[in-house]
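As a plain string of letters, each chain reads:
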Amino acid sequence: MADYASLVDRTRTVFLSGKTRSLEWRKKQLKQTLLMLEECEQEIISALATDLHKCKFETVSTEIKFTEGEVIELLRHLKEWSADEKPSKAIVNILDKVEIKKEPYGIVLVIGPWNYPFQLCVVPLIGAIAAGNCVILKPSELSSATSAVLAKIIPKYLDQECIHVVVGGVSETTELLKQRFDYIFYTGSTTVGKIIGNAANKFLTPVTLELGGKSPVYVDNTADLEISVKRILWGKCINGGQTCIAPDYVLCTEEVQNKFIEKAKHILKEWYADNPKESPDFTRIINENHYQRLVKYLNNGKVAIGGDCDARERYISPTILIDVKPTDPVMQDEIFGPILPFININNAYEAINFINSRESPLVLYIFSKDRKVQDLLISQTRSGSVGVNETLMQYCVDTLPFGGVGNSGIGAYHGKYTYDTFVHKKGCLIKDFNKLGEILGSCRYPPYSDKKLSF
Ligand code: NAD
């Protein structure tokens, strides 16, 4: 195993030299990232096809273009966001300078998952760079082709002294976490998130934990069902359901469920013809373990649509399960695959009770035309974010913070929130030796008196 202590030491020496602080250096790295996205597009597409059987359209839109948008936004606003803030001041500070300086933390460790293995590594990476940090990136070992591409192209395009890629699995990450970092940005499961949190705690290192959870979908009979079914199924089928913000399960009445299923049959046929396995647009499950985990869920409740699988290809068809009980295994952990169970409830209040009886999800999806129902669900439940009559697209609104709450995560990023994540806001009070200022402030000195308290 590599000597991570010396890697961190070397990187810290470079950080302390001040190299990463200049706007020029940061801008150059961001521009180089854009060049990397352009010149390495084909390599990235091929890696994702190897890891997940992901098609070009999904890789370009969800991995490359999304990352490009974030880089462009950082470049556009870098000067403005990194400028000192001058907050308002009280009368006692009228003669002073009151400023907030944006300080990079130092060395940021970014740990990425396998499901969107490119953008979930590169977006935090560029955020940390834009804020003037050095970065050590540890992509997921499960998406090994994409990890290999990251390890090859990042040193080619970005500053090799300040930005490093460490390839490896659990033992390498465990070793890395013994080092002292100044910030840790982790994306992955809640279980591992707790391990990361504990390791960070040892050094009081601040963290962002972008975790998962079961994101519920509430659908009522006022919703436009044709559009709702399309948007929900798309959110469940893209990337083979292996999306942290995928709709996990549906809460609706039996009547809505039956209509949903009829429409879903037509829509799936329109998208993937008779056999989704033969469609070039349908992703596979990442590995054998996850495939076996998901196949067991197919015995829960009753299969209303799909339920086909092929171990050789790690293929599971888009599947809808009905007659599912809240105590069934499929309703315990995040599904993270193309399986959509339905739980029947009678109204929005029952849905709220169901959601609130479980861990806070990363997202709550609401499909209803009724504004009162929308407001009720938003105000009476806790989730990282909310999508009304839409799935996944809230992720792409760069003016919205993206992150979880409770078990679904700590912190948020995207757009300005990404930049803010990686800077310490240092409050500075800057005085001079002005005589009037000294007179104004002199009542703080002993001897104290009640009269002085009234100032
Ligand atoms: P994971 O937690 O298994 O792995 C993520 C990273 O942690 C990998 O780099 C891995 O090498 C490392 N890791 C795994 N076990 C470890 C251990 N014991 N000690 C130290 N490091 C360890 O997660 P995953 O399976 O790659 O991703 C799926 C999960 O991530 C899902 O729960 C999903 O919801 C969540 N996710 C969340 C977001 C988000 O933005 N909130 C995005 C994508 C995925």
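Let me sum up the structure you'll find in this document. (Residues numbered from 1 in each chain as written. Predicted model: local features only at pLDDT ≥ 70, side-chain atom pairs only at ≥ 80, totals over all residues. Heavy atoms only, no water.)

### Let's talk about the packing of aromatic side chains
Two aromatic rings are characterised by how far apart their centres lie and by the angle between their planes.
Next, step 1: Under the counting rule described, the total for this entry stands at 14 aromatic pairs.
Next, step 2: Judged by centre distance (6.1 Å) and plane angle (75°), the rings of phenylalanine 282 and tyrosine 315 are edge-to-face. In this pair, phenylalanine 282 is assigned in the loop between helix 10 (254-272) and helix 11 (288-297) and tyrosine 315 in strand 11 (residues 315-316), connecting sequence segments 33 residues apart. Like phenylalanine 282, the residue tyrosine 315 is buried in the burial classification.
Next, step 3: Summarising the aromatic geometry, the rings of phenylalanine 402 and tyrosine 413 are spaced 6.3 Å apart at their centres and angled 55° between planes, so their arrangement reads as tilted. Of this pair, phenylalanine 402 sits in the loop between strand 15 (385-388) and strand 16 (409-410) while tyrosine 413 sits in the loop between strand 16 and helix 14 (416-421), and the two are 11 residues apart along the sequence. An identical accessibility class is assigned to phenylalanine 402 and tyrosine 413; each is buried.
Next, step 4: Aromatic ring contacts, followed pair by pair, group Phe66, Tyr105, Tyr183, Phe185, Tyr395, Phe402, Tyr413 and Phe422 into a single cluster. (Phe/Tyr/Trp six-rings, centres within 6.5 Å; stacked < 30°, edge-to-face > 60°. Helix = DSSP H or I, 4+ residues; strand = E, 2+ residues; numbered from the N terminus. Buried < 20%, exposed > 50% of the residue type's maximum accessible area, 1.4 Å probe, protein only.)

### A look at the pairing of strand 8 (residues 249-252)
Next, step 1: Burial along strand 8 is two-sided: Tyr249 and Leu251 facing one way and Val250 and Cys252 facing the other are all buried.
Next, step 2: Bridging between strand 7 (residues 216-219) and strand 8 involves 3 bridges; their strand directions are parallel. Residue pairing across strands places tyrosine 218 opposite leucine 251, the latter belonging to strand 8.
Next, step 3: A crossover connection joins strand 7 to the parallel strand 8 through helix 9 (residues 225-237); in handedness this β-α-β unit is right-handed.
Next, step 4: Across 3 bridges, the pairing between strand 8 and strand 13 (residues 339-344) is parallel. (Pairing = 2+ DSSP bridges. Right-handed = clockwise from strand over helix to strand, strands pointing away.)

### Considering the packing of helix 2 (residues 23-39) against helix 6 (residues 144-157)
Next, step 1: Here helix 2 crosses helix 6 at 135°, and the two axes come no closer than 9 Å. One element, helix 2, and the other, helix 6, form an angle in the oblique class. The crossing of helix 2 and helix 6 is right-handed. Across the interface between the two elements, Gln32, Leu35, Met36 and Glu39 from helix 2 touch Ile153, Ile154 and Tyr157 from helix 6. (Axes fitted to C-alpha atoms, helices over the stretch in contact; angles between N-to-C directions. Parallel < 35°, antiparallel > 145°, perpendicular 65-115°, else oblique. Left-handed = near helix turned anticlockwise from the far one by under 90°. Contact = heavy atoms within 4.5 Å.)

### Concerning the sheet that holds strand 13
Next, step 1: Spatial ordering of the open sheet is given by 9-12-13-8-7-14-15, a layout of 7 strands whose pairing is mixed. Each having just a single partner strand, strand 9 (302-305) and strand 15 make up the two edges of the open sheet. Ignoring strand direction, the axes of neighbouring strands in this sheet form an average angle of 25°.

### Comments concerning the sheet that holds strand 4 (residues 163-165)
Strand pairing in a sheet relies on backbone hydrogen bonds, with the paired strands running either antiparallel or parallel.
Next, step 1: Taken together, 6 strands build an open sheet; the order of strands is 4-3-2-5-6-16 and the sheet is mixed. Lying at the two open borders of the sheet, with one neighbouring strand each, are strand 4 and strand 16.

### Overview of the site of the ligand
Next, step 1: Within the structure, the ligand sits among 26 residues, and Trp114, Glu141, Tyr186, Leu211 and Glu334 are positioned closest to it.
Next, step 2: Between the ligand and serine 189 there is a distance of 2.8 Å, counted from an oxygen atom to a side-chain nitrogen or oxygen.
Next, step 3: Between the ligand and leucine 211, the relevant distance is 2.7 Å, taken from a nitrogen atom to a main-chain nitrogen or oxygen of the residue.
Next, step 4: When the free accessible area of the ligand is taken as 840 Å², the share hidden by the protein chains comes to 91%.
Next, step 5: When residues of the shell around the ligand are traced back to their parent elements, those giving at least two are helix 7 (170-176), strand 5 (183-187) and helix 8 (190-201). (Near = heavy atom within 4 Å. Polar contact = N/O pair within 3.5 Å; in protein donor to acceptor, adjacent residues only side chain to side chain. Areas by Shrake-Rupley, 256 points an atom, 1.4 Å probe, with all protein chains shown as cover.)

### Quick word on the nonpolar core
Next, step 1: Of all hydrophobic cores here, the largest spans 89 residues; its most connected members are Val219, Ile245 and Ile320.
Next, step 2: When residues of this core are assigned to their parent elements, the largest contribution, 9 residues, is made by helix 5 (residues 119-130).
Next, step 3: Not counting the four nearest positions on each side in its chain, isoleucine 320 is found in contact with Leu233, Phe260, Ile261, Ala264, Lys302, Val303, Ala304, Ile305, Leu340 and Phe342.
Next, step 4: Membership of the second largest hydrophobic core comes to 26 residues, among which are Ile285, Tyr297, Ile339 and Ile355. (Core = buried A, V, L, I, M, F, W, Y, C linked by side-chain atoms within 4.5 Å.)

### What to know about helix 5
Next, step 1: Between its terminal C-alpha atoms helix 5 stretches 16 Å, which fits the 16 Å expected from 12 residues at 1.5 Å a residue.
Next, step 2: In terms of burial, helix 5 is largely enclosed, as 12 of its 12 residues are buried.
Next, step 3: By the burial criterion, the buried members of helix 5 are Gln119, Leu120, Cys121, Val122, Val123, Pro124, Leu125, Ile126, Gly127, Ala128, Ile129 and Ala130.
Next, step 4: Phi turns positive one or two residues past the end of helix 5, at glycine 132, with a value near 95°. (Expected span 1.5 Å × (residues − 1).)

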